[in-house]
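# Residue-level structure breakdown
Next come the chains, spelled out residue by residue.
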Amino acid sequence: MINIEINGKQVAVPKGGTVMDGARQLGIYIPHFCYHKKLSIAANCRMCLVQVEKAPKPLPACATPATEGMKVFTHSQQAVTAQKGVMEFLLINHPLDCPICDQGGECQLQDLAVGYGASESRYQEEKRVVTNKNLGPLISTDMTRCIHCTRCVRFGQEIAGIMELGMAGRGEHSEILSFVGKTVDSELSGNVIDLCPVGALVSKPFRYSARTWELSRRRSISPHCGLGSNLVVQVKQNKVMRVLPRENEEINECWLSDKDRFSYEGLNSEDRLTTPMIKRDGQWYPCNWQEALTFTVEGLKSTIEKYGANSIGALGSAHSTLEELYLLQKLIRALGSSNIDHRIRQCDFRIDNNLQGIPWLGINIAEIPKLRSILVIGSTLRKDHPLLAHRFRQAVKNGAQFSIVNPVDDDLLMKVAHRAIVAPADMVNMLVQILGAIIESKSSNEIPADIKHVLADVKISEKAREIAASMCVDNAAAVFLGNISQHHPHYADIFTIASAIAKITGASFGILGEAANSVGAYLAGVLPSRGVLGMEIESEKLSSQLNAIQMLGHRSDDNVNACRAFVLMNLEPELDAYNPQQAMSAINGADFVVALSAYKGNVANYADVILPIAPFTETSGTFVNTEGRVQSFNGVVSPLGETRPAWKVLRVLGNLFQLDGFDYETSEQIRAQVIPSEEAITRYLNNDLKDYRVNIPEAVMASDLQRIGEIPIYQADPIVRRAESLQLTRDAASPKAWFSPAMLEKLNISVGEIIRVKQENGEAQLEAACDEALPLHCLRVASAHPQTSSLGAMFGEISVEKL
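Note that this is a predicted model, so its numbers are computed, not measured.

Calculation criteria
Residues numbered from 1 in each chain as written. Predicted model: local features only at pLDDT ≥ 70, side-chain atom pairs only at ≥ 80, totals over all residues. Heavy atoms only, no water. Helix = DSSP H or I, 4+ residues; strand = E, 2+ residues; numbered from the N terminus. Rg over C-alpha atoms; globule rule 2.2 N^0.38 Å. Contact = heavy atoms within 4.5 Å. Areas by Shrake-Rupley, 256 points an atom, 1.4 Å probe, with all protein chains shown as cover. Lys, Arg positive; Asp, Glu negative; His and termini not counted. Charge placed at Lys NZ, Arg CZ, Asp CG, Glu CD. Pairing = 2+ DSSP bridges. Expected span 1.5 Å × (residues − 1). Buried < 20%, exposed > 50% of the residue type's maximum accessible area, 1.4 Å probe, protein only. Axes fitted to C-alpha atoms, helices over the stretch in contact; angles between N-to-C directions. Phe/Tyr/Trp six-rings, centres within 6.5 Å; stacked < 30°, edge-to-face > 60°. UniProt positions renumbered as here; feature names shortened; annotations may be inferred. 1 Å grid on protein atoms, 1.4 Å probe; cavity = no way out; pocket = protein on both sides within 12 Å on 5 of 7 lines; lining within 4 Å. Points joined across faces, edges and corners; volume = space filled by probe spheres on them. Nonpolar A, V, L, I, M, F, W, Y, C, P; charged D, E, K, R; others polar. Domains from an automatic or database assignment.

## Points about the overall build of the chain
When helices and strands are tallied, the chain shows 23 helices and 32 strands. For a compact globule of 803 residues, the expected C-alpha radius of gyration is about 28 Å, and the chain comes in at 28 Å, within 12% of that figure. With respect to the three principal axes, the spread of C-alpha positions in the chain is 90 × 70 × 60 Å. For the chain, the share of sequence-separated contacts (at least 6 apart) that also reach a separation of at least 24 residues comes to 72%. Summed over all atoms, the accessible surface of the chain reaches about 31700 Å², with 48% contributed by carbon and sulfur. Looking at charge distribution, the chain has the averaged site of its 79 positive side-chain charges lying 5 Å from that of its 90 negative ones.

Here's what the structure looks like:
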C-alpha cells in the first residue's frame with residue numbers, strides 16, 4: 001500500500017493505484033469525462049487535472065500513479081483554473097441544444113459546465129458540425145455533441161470484445177465512426193448509451209418520449225437469461241419508458257445486455273391481453289374474471305370426472321416467478337395429478353431420478369473471472385448468456401485456457417485455446433474421448449463404474465488430448481453445460497460424462513441456467529417426480545408423473561397417459577417446445593386448454609379459456625438465478641386493463657376448487673412457504689448424480705442430415721419476441737438454412753438459393769447460407785421462430801430439397 005495525502009486527508013492506495021483511486025476512497029469528487037472504473041485509462045479529456053506538490057504543471061488524476069508521500073490538491077487555484085480551461089475548450093464546438101437533447105437533465109457535461117464553465121463563450125468562430133452515423137435500431141447519434149472521451153470505443157474493445165467503433169481524424173477533425181457500411185450489432189451495445197457522458201449516443205427507442213425528471217425510478221430483476229440482472233425501471237404515467245442497469249458487482253456489475261435493456265417495448269405491445277376470454281361453440285367472448293374462472297374450474301372438473309385426475313397436465317415457464325410456479329404445481333397436485341414441468345425445451349429426462357439435488361452454476365458468478373481452465377459444452381454462449389460470456393472473456397484476459405465442445409463455432413470474441421466442433425450425435429463420443437485422455441494422463445483409478453464400459457473401446461483423438469491437458473491443471477477449473485447440451489437428445493449422457501470430467505480433474509461443474517428462474521423452478525417443485533426444494537415424491541402417491549416431452553408427445557386414443565387437459569402458464573408452445581409439431585398436435589387434441597398468458601399470440605387457436613396475467617413489471621415475485629441467488633422484486637406499474645398477477649389467479653382457482661392452503665394475501669407469504677431463508681437453499685444446490693449408466697448414441701448414417709436448432713437471442717421468451725427495436729437487429733434476422741461448404745456442394749445448392757426444409761410432417765422455405773465451421777452432415781436451422789415453428793425437434797433427422 002502507498003500512502004498519499006489528498007486535500008489534507010491521508011489515504012492508502014494499492015501499489016499501481018492512481019490519484020483518482022485515492023480520491024474515490026476518500027469520497028472526494030474530481031470532475032472527469034473519459035475515466036470509468038471498468039475501462040482502461042485514456043486520459044484524453046483532461047478534465048481531471050489536479051495540482052500535485054512539486055509538479056511543474058497540473059496532472060490528470062486518472063493517469064497519475066500514486067507515489068509515497070505525494071500531496072495532491074483537487075480544488076486549489078491552480079487545479080480549478082486548469083479544469084475551467086479544459087471545460088472552455090470542450091464547450092467551444094459543443095452545440096447549445098440542451099433543451100432538445102435527450103441527455104438533458106442527466107448529462108455530465110451539463111452538470112460540470114455549471115461548476116466549471118463560463119457564463120459566455122469567448123469563441124467567435126464558426127462551430128464544427130459532424131454528420132450523424134447510423135449505428136442500428138438501438139442507438140441514436142448526434143455526433144456534433146461528441147467530446148471524444150472514447151468510452152464507447154474502449155467498451156467495445158475491452159468489455160464487449162469487439163471493436164465496432166473507433167476514432168478517425170486528428171484534432172478538430174476527430175470523429176467516432178463505425179466501420180464503413182456497418183452498424184453496432186453487439187449483444188451488449190446498449191451500454192455505450194450509459195457510458196456516453198453527453199448526448200452523442202442515446203437510446204433510439206426511448207428518444208423524445210420523456211424527460212428524465214418526469215420518470216419514477218423503481219428496482220426490478222430481469223426475467224430473461226439465467227443471470228437475473230438487476231434493473232432500474234423508469235416509469236411515467238403507469239407505463240415503462242426505459243430500463244437501465246442497477247449496479248451489482250456480484251451479478252451484472254454495471255452492465256446490461258440489450259435483451260434486458262430494450263425488451264421493455266414488449267411490455268407495451270399491442271398484442272397484450274387485457275380481458276379474460278372464453279370460447280363457446282367455437283366463438284371467443286370477452287367476459288369478467290368470475291365467469292372466466294368458473295368456466296375454467298368447470299372445464300377441469302369435467303375432464304377429471306371423464307378421464308381422471310391424471311389426465312391433467314401443467315406446463316409453466318422458468319421466466320415466471322417462484323410464487324407463480326409454486327402455486328401452479330400446488331394446484332395441479334392438489335387436484336391429484338403430478339404431470340407438471342417447466343423444462344419445455346428439454347427432451348431427455350433419464351437422469352431425473354438420479355439427481356442428488358438441484359442443478360445450478362456450480363460456482364458464484366463473480367468467481368468466473370478467477371478460473372484458469374474452462375470447458376463449455378454445447379452453448380451459443382454470447383447469445384444465450386451475454387453477460388456470462390463477458391465474465392468468461394475476463395477470465396481469458398486473466399490467462400485462463402478456454403475450451404469448447406460444440407456443434408457450432410460462433411465467434412466468442414475471445415481467445416479459444418481448444419475447440420472440438422462436432423455434430424450433435426458425436427458430442428457424447430467426444431466427451432468420452434476427453435474423459436479417457438484425462439484418466440490416462442492422471443493415471444486415475446477413480447473411474448465411475450457406470451462409465452467404465454464406454455471407455456473400453458474409445459479411440460482418443462488429438463483434439464481430445466489437448467482439451468484434456470488443459471483441464472488437468474492445479475488451478476481453479478470448471479466445466480459448464482450450455483443450452484444446446486440441455487436441449488440435446490442425449491443430455492443425460494452429456495451431463496454424466498461432464499460431471500465425471502469435473503470430478504476427476506477437481507474442477508467445478510455447473511449448468512448455465514436458461515432463464516432467470518431456472519433454479520427457482522426446481523425449488524418450487526415444478527417437476528413431475530420432485531416437490532418443493534427438489535424433494536423426491538413417492539410414486540405410489542401419484543400414479544401419473546409425466547414430464548414435458550411425455551405430455552407433449554403424440555396423443556392417440558390408445559395412449560392412456562395422454563393429457564386431455566392442459567394448463568399453460570407464460571409460454572407459447574408453438575415456439576417454446578422442443579418439438580413444436582408434436583406439442584401442437586397434443587394440445588390441439590386435448591379436450592380443454594387453459595392459457596395463462598400476457599399476450600394474444602396464437603393462443604386463440606388452441607385454448608378454451610384465456611386468463612390475462614401480468615408480466616414481471618406488473619407483479620411482485622422472486623427469481624432464483626443460476627447461481628442460486630434469491631432476488632425478490634415488486635411491481636413497478638399497475639396491471640394493464642383487467643390483467644392480474646398469475647399467483648392471484650392461481651390462488652383464486654384453488655379457492656374455487658375448495659382446496660386447502662390457498663389463502664395467501666401477499667406474494668411474500670408464498671415465498672416463505674418455499675424458501676424459509678435464503679441460506680436454507682444452498683444445501684439443496686447439488687449437481688451430483690447417482691447410479692446412471694451412460695449410453696453412447698449410435699453413429700448417424702453418412703446419408704442423414706442432422707438438425708442443429710439453437711434458440712435465437714431475441715426469440716427466447718414472449719416479452720422479447722414483441723420488442724420491436726430488438727426485432728429490427730441483425731440477430732433477429734429471418735432464419736436461414738446453414739450448411740458447410742462440402743454439404744452445399746454435395747447437395748448442389750447455391751448460397752442465397754431458396755430451398756425447402758422438411759422435418760417430420762412439417763416444412764419451411766428458407767434461404768441457403770454457408771458456415772465454413774459447421775460439421776459435415778449438419779444443417780443449422782434456428783428454432784423458436786415463426787418461420788420454422790412448423791418443423792419438428794430441435795435436434796434430429798432433417799431433409800432438404802430444391803424448389
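## Structural notes on the sheet that holds strand S13 (residues 277–280)
Sheet architecture is open: seven strands sit in the order S14-S13-S24-S23-S22-S15-S16, paired in mixed fashion. Two strands lie at the open edges of the sheet, namely strand S14 (283–286) and strand S16 (340–341), each paired on one side alone. Alignment of strand S15 (residues 312–316) against strand S22 (residues 565–569), held across five bridges, turns out to be parallel. Residue Gly316 lies in a different strand from S22, and its bridge partner there is Met569.

## A few points about helix H10 (residues 386–397)
Its twelve residues give H10 an end-to-end C-alpha distance of 17 Å, which sits within 8% of 16 Å, the value for a rise of 1.5 Å per residue. Restricting attention to buried positions, one finds in H10 the residues Pro386, Leu387, Leu388, Ala389, His390, Arg391, Phe392, Arg393, Ala395 and Val396. Along its buried surface, H10 packs onto helix H4 (151–160), strand S17 (373–377), helix H9 (381–384), strand S18 (401–406) and strand S20 (477–481).

## A short note on the sheet that holds strand S12 (residues 239–245)
Pairing within the open sheet is antiparallel, and its three strands lie in the order S10-S11-S12. The sheet terminates laterally at strand S10 (216–221) and S12, the two strands that pair on one side only. When the angles between neighbouring strand axes are averaged without regard to direction, this sheet yields 35 degrees. Sheet topology note: the strand S11 (residues 230–236)/S12 ladder contains six bridges and is antiparallel. Bridge pairing in S12 places Val233 opposite Val243.

## Thoughts on the packing of aromatic side chains
The tally for this structure, following the rule as stated, stands at seven aromatic pairs. Between the aromatic rings of Phe295 and Phe592, the centroid separation amounts to 5.9 Å while the plane-to-plane angle is 50 degrees, which identifies the pairing as tilted. In this pair, Phe295 sits in helix H7 (residues 289–307) while Phe592 sits in strand S23 (residues 592–597), placing the two residues 297 residues apart along the sequence. For the residue pair Phe295 and Phe592, the accessibility class agrees, reading buried in each case. Taken together, the aromatic side chains of Phe392, Phe402 and Phe480 make up a single cluster linked through ring pairs.

## Some points on the UniProt feature "domain: 4Fe-4S His(Cys)3-ligated-type" (unreviewed entry) in the chain
In the numbering adopted here, UniProt assigns the feature "domain: 4Fe-4S His(Cys)3-ligated-type" (unreviewed entry) to residues 78–117. Between the C-alpha atoms that bound residues 78–117 there is a distance of 16 Å. The span itself is 60% helix and 0% strand.

## As for empty space enclosed by the protein
Counted according to the given criterion, the structure contains 13 cavities of 30 Å³ or more. Of the pockets and cavities examined, the largest cavity occupies roughly 420 Å³. If you go around the largest cavity, you meet 27 residues; those closest to its centre are Ala318, His342, Arg343, Glu514 and Ser518. Listed by contribution, the elements that provide at least two residues to the lining of the largest cavity are helix H14 (483–487) and helix H16 (518–523). In this structure, the second largest cavity encloses a volume near 160 Å³. Lining the second largest cavity are 17 residues, with His319, Asn570, Pro615, Phe616 and Ile719 sitting closest to its centre. Partitioning the lining of the second largest cavity into residue classes produces ten nonpolar, five polar and two charged. Two domains each provide a minimum of three residues to the lining of the second largest cavity, namely domain 3 (277–348 + 517–678) and domain 5 (706–802).

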